[in-house]
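Now for the letters of each chain:
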Amino acid sequence: MRVLLVGAGGVGTAVTRIAARRDFLTHMTVADYDLSRAESAVAALGDQGDRFSARRLDASDEEAVRRVLTEERCDVLLNATDPRFVMPLFRAALAADTHYLDMAMSLSSPHTTHPYEHCGVKLGDEQFELAGRWEGSGRLALVGMGVEPGLSDVFARYAADELFDEIEEIGVRDGANLTVEGYDFAPSFSIWTTIEECLNPPVVYEKDCGWFTTAPFSEPEVFDFPEGIGPVECVNVEHEEVLLIPRWVDARRVTFKYGLGDDFIAKLKVLHELGLDSTTEVTVPGQSGPVQVSPRDVVAACLPDPAALGDRMSGKTCAGTWVRGVKDGAPREVYLYHVVDNEWSMSEYGSQAVVWQTAINPVVALELIAGGEWNGSGVLGPEALPPRPFLDLLTAYGAPWGLREEN
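First things first, this report covers the structure right here in the doc. Given the structure is predicted, the values throughout are model-derived calculations rather than measurements.

In spatial order, the strands read β3-β2-β1-β4-β5-β6-β19; together these seven strands make up an open sheet with parallel pairing. On the outer flanks of this sheet lie β3 (52–56) and β19 (378–380), each paired with one strand and no other. Within this sheet the neighbouring strands show an average axis-to-axis angle of 20°, counted without direction. Two elements, strand β5 (residues 99–102) and strand β6 (residues 140–142), share two bridges in a ladder whose sense is parallel. Paired with Tyr100 across the bridge in β6 is Ala141. Strands β1 (2–6), β2 (27–32), β3 and β4 (76–79) of the sheet are contacted by helix α1 (residues 10–19), whose axis makes an angle of about 165° with β2.

Printed below as a string of structure tokens:
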């Protein structure tokens, strides 16, 4: 399999380190707007890097991406950029007649008059509008194939297939006890994406009424996470699983809740109140005259790079899917989860826990596609494909998952 990886940030670099250990990969072209980042990702592989090459590429330039896919004879485009670049990359892969895989879907926009009641443009709507063209091409666009969304969706499908006869509720629950030495505020994942998903109206799905929205940080609950993480307060956050799971899994209710903590929520609210979450460019003075810049990009530039925090981080992160329903006539409640210890991911791969946990899942998916165990055409989420091959291969990668009975 020949892969074009677009984005050599923390997740993209972790992808290269994981993929370098697997035989299914024939060649991976690592592309980034900043050529030095792509070159550094390849150089860090040492003797394992002979199947990798680096090149500069602007993810917003659809024609340039299509051209690289053709020149490099790529079978698939793996998108490791932030969600702003989903659509040009998505369209470029379609035009180049290759498969496509991402870890976050096309952006949403709130309802113009009732943002905390009704959905406007939903996450992934732009991609699903092109589903017919993808199906006609015979190519697969596998969307939302990170950890959340991604592994969490695989867990949902596994629960429906093997653990339950009827599902009342599926709730993705994410929590951690990670700390970063020397920083009062240092998000462990892209602040651009974190602001987007935390301050947008969260989406909830209920079978009787479909998708609807609530206010940010609504419905707080304390969830007890496994492997020593313990109780963490979680709140509703906009996330792709709520838009994906109901398309292929029969459940009466689907939610996503994130363990943020009061301090993190307070800081996000301040950014919003000051307008620093905005992506609309403003004019600011510069040494060579006025420049246009978005406030959110300034916030991201002022904060430490999450990928560079691994040496200062300690603790564990947990991604998982809680499911409640009926099996053999009796109530059942389970939590399927995946925990990564930062000390382990740093010592084994040199990548901090959150970006490594995100990166392993698309690599597993690529290997399944290369081997024919996952196949299909059109725009599909992870829950549209058989879960057992994925979970078995994830364990074979040395990243086992767990299941906890809740009752």
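Between helix α7 (residues 151–163) and helix α9 (residues 240–248), the shortest axis-to-axis distance is 10 Å and the interhelical angle comes to 30°. By the angle class used here, α7 and α9 are roughly parallel. Judged by the sense of rotation from one axis to the other, the crossing of α7 with α9 is right-handed. Between α7 and α9, the contacting residues are Ser152, Asp153 and Ala156 on the first element and Glu241, Leu244 and Ile245 on the second. For the contact of α7 with α9, a count of residues per class yields three nonpolar, one polar and two charged.

The next thing to look at is the side chain of Asp153. Relative to the helices and strands, Asp153 resides in helix α7. Looking at Asp153, its side chain comes within polar contact range of the main-chain nitrogen of Gly150, at 2.7 Å. At a separation of 3.3 Å, a polar atom in the side chain of Asp153 contacts the side chain of Ser152. Setting aside its immediate chain neighbours within four residues, Asp153 contacts Gly144, Glu241, Leu244, Ile245, Pro382 and Glu383.

Trans peptide bonds make up most of the peptide bonds, and negative phi angles are found at most residues other than glycine. With an omega of 0°, the peptide bond running from Glu148 to Pro149 counts as cis. Phi is positive for Asp97, close to 60°, though the residue is something other than glycine. Among the structural elements, Asp97 can be located in the loop between α4 (86–95) and β5. Unusually for a residue other than glycine, Glu227 sits at a positive phi of about 55°. Mapped onto the fold, Glu227 is located in the loop between β11 (221–225) and β12 (230–236).

If you look at the biggest cluster of nonpolar residues, it comprises 92 residues, and the most contacted ones within it are Trp374 and Phe390. Sorting elements by how many residues they give to this core places helix α13 (residues 353–371) first, with eleven residues. Core analysis: the second largest hydrophobic core is formed by 29 residues, Val65, Cys74, Met87 and Phe128 among them.

Another point: α9. Counting buried positions along α9 gives seven out of nine residues, so the element sits mostly inside the fold. Residues of α9 that are buried include every one of Glu240, Glu241, Val242, Leu243, Leu244, Ile245 and Pro246, and no others. For α9, the elements touching its buried residues are α5 (125–128), α7, β7 (166–176), β9 (203–206), β10 (210–213) and β13 (253–258).

This brings us to the pairing of β13. With six of six residues buried, β13 lies mostly within the body of the structure. Residues Arg253, Thr255 and Lys257 line one face of β13 and the alternating positions Val254, Phe256 and Tyr258 line the opposite face, and both faces are buried. The pairing of β7 with β13 spans six bridges and is parallel. Paired with Ile170 across the two strands is Val254, which belongs to β13. Examined bridge by bridge, β9 and β13 share two bridges and lie antiparallel to one another.

What follows concerns the packing of α1 against α13. The packing of two helices is summarised by the inter-axis angle and the distance between the axes. Running from amino to carboxyl end, α1 crosses α13 at an angle of 55°, the nearest separation of the two axes being 8 Å. Comparing the axis directions of α1 and α13 gives the class oblique. For the element pair α1 and α13, the recorded crossing hand is right-handed. Contact residues: Gly10, Val11, Ala14, Val15, Ile18 and Ala19 in α1; Val355, Trp356, Thr358, Ala359, Ile360, Pro362 and Val363 in α13. Split by residue class, the contact of α1 with α13 holds eleven nonpolar, two polar and no charged.

Procedures and definitions
- Residues numbered from 1 in each chain as written.
- Predicted model: local features only at pLDDT ≥ 70, side-chain atom pairs only at ≥ 80, totals over all residues.
- Heavy atoms only, no water.
- Pairing = 2+ DSSP bridges.
- Helix = DSSP H or I, 4+ residues; strand = E, 2+ residues; numbered from the N terminus.
- Axes fitted to C-alpha atoms, helices over the stretch in contact; angles between N-to-C directions.
- Contact = heavy atoms within 4.5 Å.
- Parallel < 35°, antiparallel > 145°, perpendicular 65-115°, else oblique.
- Left-handed = near helix turned anticlockwise from the far one by under 90°.
- Nonpolar A, V, L, I, M, F, W, Y, C, P; charged D, E, K, R; others polar.
- Polar contact = N/O pair within 3.5 Å; in protein donor to acceptor, adjacent residues only side chain to side chain.
- Core = buried A, V, L, I, M, F, W, Y, C linked by side-chain atoms within 4.5 Å.
- Buried < 20%, exposed > 50% of the residue type's maximum accessible area, 1.4 Å probe, protein only.

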